[in-house]
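An overview of the molecular structure
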Amino acid sequence: MIRFNLPRVAIALVVTTLVLVSLPGNKASGQRRRQARHFSVCGNPNLPCKSVATFEPHDLPIRIPRNAVIWDTELFYAIMLKSVKSPGDSCDVFVPESERLAAQALFPDHKVFSSRCAEPGQLYYTNTSPKAHFMAVYAGTTLAEAKRMLAAVKATGKFTGATVRRMRAGFNGT
């Protein structure tokens with residue numbers, strides 16, 4: 001009589017199945033993962049931005065396709081110019097539009113944007129504090145571009161605490 005150690009046999013079967021299923025070229029390897037699509041940012045306010053969405057003046061426009069529900073952008077760099085504490089994501093506390101417009105005048109070829117309350121149909125930004133709202137200027141998709149923009153920001157003498165931040169913008173159309 002042959003005696004089998006049932007737990008060892010079960011583990012061996014599972015491991016064998018996983019190895020066979022994961023072999024290259026095996027059509028039974030499960031679902032194929034679709035590569036995530038990230039959409040581009042319209043970082044220059046002087047150029048048109050083709051998008052199905054309309055944006056508030058304080059938003060960083062992104063190219064949103066037809067029938068979009070929830071999308072985000074490619075990674076980009078921004079120079080954080082200012083932040084204000086916003087307890088409980090208060091919709092009453094944010095960088096005033098007059099300050100954003102004054103900063104925009106300093107950087108006419110780079111969009112100056114600011115955060116507001118995250119609500120459906122509005123943009124949101126990743127890699128930022130949920131306890132503060134901010135004002136930033138778009139600085140490109142590479143660290144080299146961001147460093148050049150940071151130098152330009154510091155040269156104005158108006159934003160002494162400016163820092164580089166890598167982030168995404170997102171759209172919640174639900």
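Provided above is the structure to which this section pertains.
Residues numbered from 1 in each chain as written. Predicted model: local features only at pLDDT ≥ 70, side-chain atom pairs only at ≥ 80, totals over all residues. Heavy atoms only, no water.

Description of the pattern of salt bridges
- With the rule as written, the count across this model stands at 3 salt bridges.
- Here lysine 82 ties to glutamate 99 by a salt bridge, and the two come within 2.6 Å at their closest N and O atoms. Note that lysine 82 is positioned in strand E2 (residues 76-85) and glutamate 99 in helix H2 (residues 97-106), a separation of 17 residues in sequence.
- Since its relative accessible area comes to 31%, lysine 82 is described here as partly exposed.
- In this structure, the salt-bridge partner of arginine 116 is glutamate 97, at a minimum N-O distance of 3.7 Å. With arginine 116 in the loop between strand E3 (112-114) and strand E4 (123-125) and glutamate 97 in helix H2, the pair connects residues that are 19 residues apart, well separated along the chain.
- Relative accessible area serves as the criterion here: at 25%, glutamate 97 is assigned to the partly exposed category. (Salt bridge = Lys/Arg side-chain N within 4 Å of Asp/Glu carboxyl O. Helix = DSSP H or I, 4+ residues; strand = E, 2+ residues; numbered from the N terminus. Buried < 20%, exposed > 50% of the residue type's maximum accessible area, 1.4 Å probe, protein only.)

Points about the layout of surface pockets
- Volume-wise, the largest pocket comes out at about 240 Å³.
- Ser115, Arg116, Ala118, Tyr125 and His133 are, among the 18 residues lining the largest pocket, the residues nearest its centre.
- Listing elements by their share of the lining of the largest pocket, those giving two or more residues are E4 and strand E5 (132-138).
- For the lining of the largest pocket, the class distribution of residues is 8 nonpolar, 7 polar and 3 charged.
- Taken together, Cys42, Asn44, Pro45, Leu47, Cys49, Ser51, Ala53, Phe55, Glu56, Pro61 and Lys111 form the lining of the second largest pocket.
- Residue classes in the lining of the second largest pocket are distributed as 7 nonpolar, 2 polar and 2 charged. (1 Å grid on protein atoms, 1.4 Å probe; cavity = no way out; pocket = protein on both sides within 12 Å on 5 of 7 lines; lining within 4 Å. Points joined across faces, edges and corners; volume = space filled by probe spheres on them. Nonpolar A, V, L, I, M, F, W, Y, C, P; charged D, E, K, R; others polar.)

Remarks on the pairing of strand E7 (residues 169-172)
- Summarising the sheet, strand E1 (residues 70-72) and E7 pair through 3 bridges and their orientation is antiparallel. Counted as the bridge partner of aspartate 72 is glycine 170 from E7.
- Across 3 bridges, the pairing between E4 and E7 is antiparallel. Bridge assignment links tyrosine 125 to a residue of E7, and that residue is alanine 169. (Pairing = 2+ DSSP bridges.)

A short note on the state of the cysteines
- With the rule as written, the count across this model stands at 2 disulfides.
- Across the disulfide, cysteine 42 is cross-linked to cysteine 49 (sulfur-sulfur distance 1.9 Å). Between cysteine 42 and cysteine 49 the sulfur-sulfur dihedral comes to about 60 degrees; the bridge is accordingly right-handed.
- Since its relative accessible area comes to 6%, cysteine 42 is described here as buried.
- Judged by its relative accessible area of 26%, cysteine 49 falls in the partly exposed class.
- Cysteine 91 shares a disulfide with cysteine 117; S-S distance 1.9 Å. (Disulfide = S-S within 2.5 Å.)

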